[in-house]
Amino acid sequence: MIDMHCHILPGIDDGSPDAAESMRMLQEERRQGVDKIVFTPHFNPERQPLEDFLAARADSFERLQAADGFAALGLETKLGAEIFFSMRLMEMDLAKLAFEGTNYLLVEFPFTTRPYGVTRTMQYLIERGYTPILAHVERYEFFTNDPIQLYDLVMMGCVAQVNAWAVVSGTSVRGVSALQYINWEMAHIISSDAHSMERRPPNTLAAYQLVEKKLGVQYKDWLIKNSMNIFQNKYFDDPIVHKPKKFLGKWK
């Protein structure tokens, strides 16, 4: 399995505070069967110069690589970023923010209000050969209230990611949304978005198991295959996306 969204790098954002905690998280990832990871610390273009972020990320990764036991884990790793949405993305060197060796970019939105310029910015990225991955789409109220907004971005060429903890959270609004998006084939990958062993620890295996139980093994296999294609910088076939329709006040 592959984890494409996590905050395991030590001391760089609100995730792991140090290398010891990072190692505990990585050991749990390996126990669950994850052998490939993209490290995606937070980056906000409005608050931090790109070069400062890149230097901090490189330093954090070096400290993790030097930790006792890291090499023995046998992980394949890439560096990336969880980029807070900004129209300034259209002015930046996107290759430095994409998942290492790929043309995929992980982009986060504000949770409550859709920001101005989303469609224009996503079009810009796609036209320049990049594929935006929309982080934890189940967390955005504007998608929950109107999933056609997510449908339109997916049909434009964006990829949608859901958090493992949302999938396993059962009947919560986010849990229902995450499974529904997968069922509609409007969400394409599951990732941990892990922050620590206490706060949102790695839980990818349980999420895949629940998808298999609720939706079928074909959905689990499809999600894992999508992650592998992204990690290898391959395009995957567009799914037959179900366009949500509202019936008796509920999206179906």
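K.L.:
Go over the sheet that holds strand 9 (residues 189–191), please, and point to the residues and values.
P.N.:
Neighbouring strands of a sheet are bound in pairs by backbone hydrogen bonds; such pairs are parallel or else antiparallel. Pairing within the open sheet is parallel, and its six strands lie in the order 3-5-6-7-8-9. The two strands at the open ends of the sheet, each matched to only one other strand, are strand 3 (42–43) and strand 9. In the sheet, strand 3 pairs with strand 5 (residues 82–84) via two bridges, with the strands oriented parallel. By the bridge assignment for strand 5, Phe43 is matched with Ile83.

K.L.:
Help me get a handle on the sheet that holds strand 1 (residues 2–3), residues and values and all.
P.N.:
Taken together, the three strands give an open sheet; going across it, the order is 1-2-4, and neighbouring strands pair in parallel fashion. A strand with exactly one partner marks an edge of an open sheet, and here the two such strands are strand 1 and strand 4 (76–79). Across four bridges, strand 2 (residues 36–39) lies against strand 4 in parallel orientation. Opposite Val38, over in strand 4, you have Lys78 as the bridge partner. Sheet contacts for helix 9 (residues 217–231): strand 1, strand 2 and strand 4; angle to strand 2, the most-contacted strand, approximately 60°.

K.L.:
Lay out the pattern of salt bridges with the relevant residues and their values.
P.N.:
Where side chains of opposite charge bring their charged atoms close, a pairing between them can arise. Per the stated rule, a full pass over the model turns up 12 salt bridges. Here Arg31 and Glu28 are joined by a salt bridge, their closest N and O atoms 2.7 Å apart. Taken together, the residues Arg31 and Glu28, both in helix 1 (residues 19–32) and three residues apart, mark about one turn of the helix. Glu28 gets classed as buried once you look at its relative accessible area, which sits at 17%. Between Asp35 and Lys36 there is a salt bridge, with the nearest N and O atoms lying 3.5 Å from each other. Judged by relative accessible area, which is 11%, Lys36 ranks as buried. Through salt bridges with shared partners, one network takes in Asp35, Lys36 and Glu76.

K.L.:
Tell me about the environment of Phe236, and name the residues and values.
P.N.:
Relative to the assigned elements, Phe236 resides in the loop between helix 9 and strand 10 (246–247). A sequence separation of 199 residues divides Phe236 from Ile37, and the C-alpha atoms of the two residues are 19 Å apart. Excluding residues within four positions of it along the chain, Phe236 makes contact with Val159, His188, Asn226, Asn229 and Ile230.

K.L.:
Go over the packing of helix 8 (residues 204–215) against helix 9 with me, naming the residues and quoting the values.
P.N.:
Contact pair helix 8 / helix 9: the axes reach a minimum separation of 6 Å and the direction vectors enclose 140°. One way to sum up the angle between helix 8 and helix 9 is to call them oblique. Residues Tyr208, Val211, Glu212 and Leu215 of helix 8 lie in contact with helix 9, whose contacting residues are Val217, Gln218, Tyr219, Lys220, Leu223, Ile224 and Ser227. Looking at the contact of helix 8 with helix 9 residue by residue, the class counts come to seven nonpolar, two polar and two charged.

K.L.:
Describe helix 8, naming the residues involved and giving the relevant values.
P.N.:
End to end, helix 8 covers 16 Å across 12 residues, agreeing with the expected 16 Å (1.5 Å per residue, within 8%). Inspection of helix 8 places Thr204, Ala207, Tyr208 and Val211 among the buried residues, and these make up the whole buried set. Across the axial projection of helix 8, the buried residues extend over an arc of 95°, all falling on one side. For helix 8, the secondary structure elements touched by its buried residues are strand 1, helix 1, helix 6 (164–167), helix 7 (173–183), strand 9 and helix 9. Immediately downstream of helix 8, the backbone of Gly216 shows phi near 115°, a positive value.

K.L.:
I'd like a description of the nonpolar core, backed by residues and values.
P.N.:
Of all hydrophobic cores here, the largest spans 81 residues; its most connected members are Leu26, Phe39, Phe109 and Ile190. Setting aside residues up to four positions removed in sequence, Leu26 forms contacts with Ile8, Ile37, Phe39, Leu64, Phe70, Leu73 and Leu75.

K.L.:
Before we move on, could you go through the pairing of strand 6 (residues 104–108) and cite the residues and values that matter?
P.N.:
Of all five residues in strand 6, five are buried, a share of seventy percent or more. The two faces of strand 6 match: Tyr104, Leu106 and Glu108 on one face and Leu105 and Val107 on the other face are all buried. Across three bridges, the pairing between strand 5 and strand 6 is parallel. Considered in strand 6, the bridge of Ile83 is made with Val107.

The rules behind these values
- Residues numbered from 1 in each chain as written.
- Predicted model: local features only at pLDDT ≥ 70, side-chain atom pairs only at ≥ 80, totals over all residues.
- Heavy atoms only, no water.
- Pairing = 2+ DSSP bridges.
- Helix = DSSP H or I, 4+ residues; strand = E, 2+ residues; numbered from the N terminus.
- Contact = heavy atoms within 4.5 Å.
- Axes fitted to C-alpha atoms, helices over the stretch in contact; angles between N-to-C directions.
- Salt bridge = Lys/Arg side-chain N within 4 Å of Asp/Glu carboxyl O.
- Buried < 20%, exposed > 50% of the residue type's maximum accessible area, 1.4 Å probe, protein only.
- Parallel < 35°, antiparallel > 145°, perpendicular 65-115°, else oblique.
- Nonpolar A, V, L, I, M, F, W, Y, C, P; charged D, E, K, R; others polar.
- Expected span 1.5 Å × (residues − 1).
- Arc of directions from axis to C-beta.
- Core = buried A, V, L, I, M, F, W, Y, C linked by side-chain atoms within 4.5 Å.

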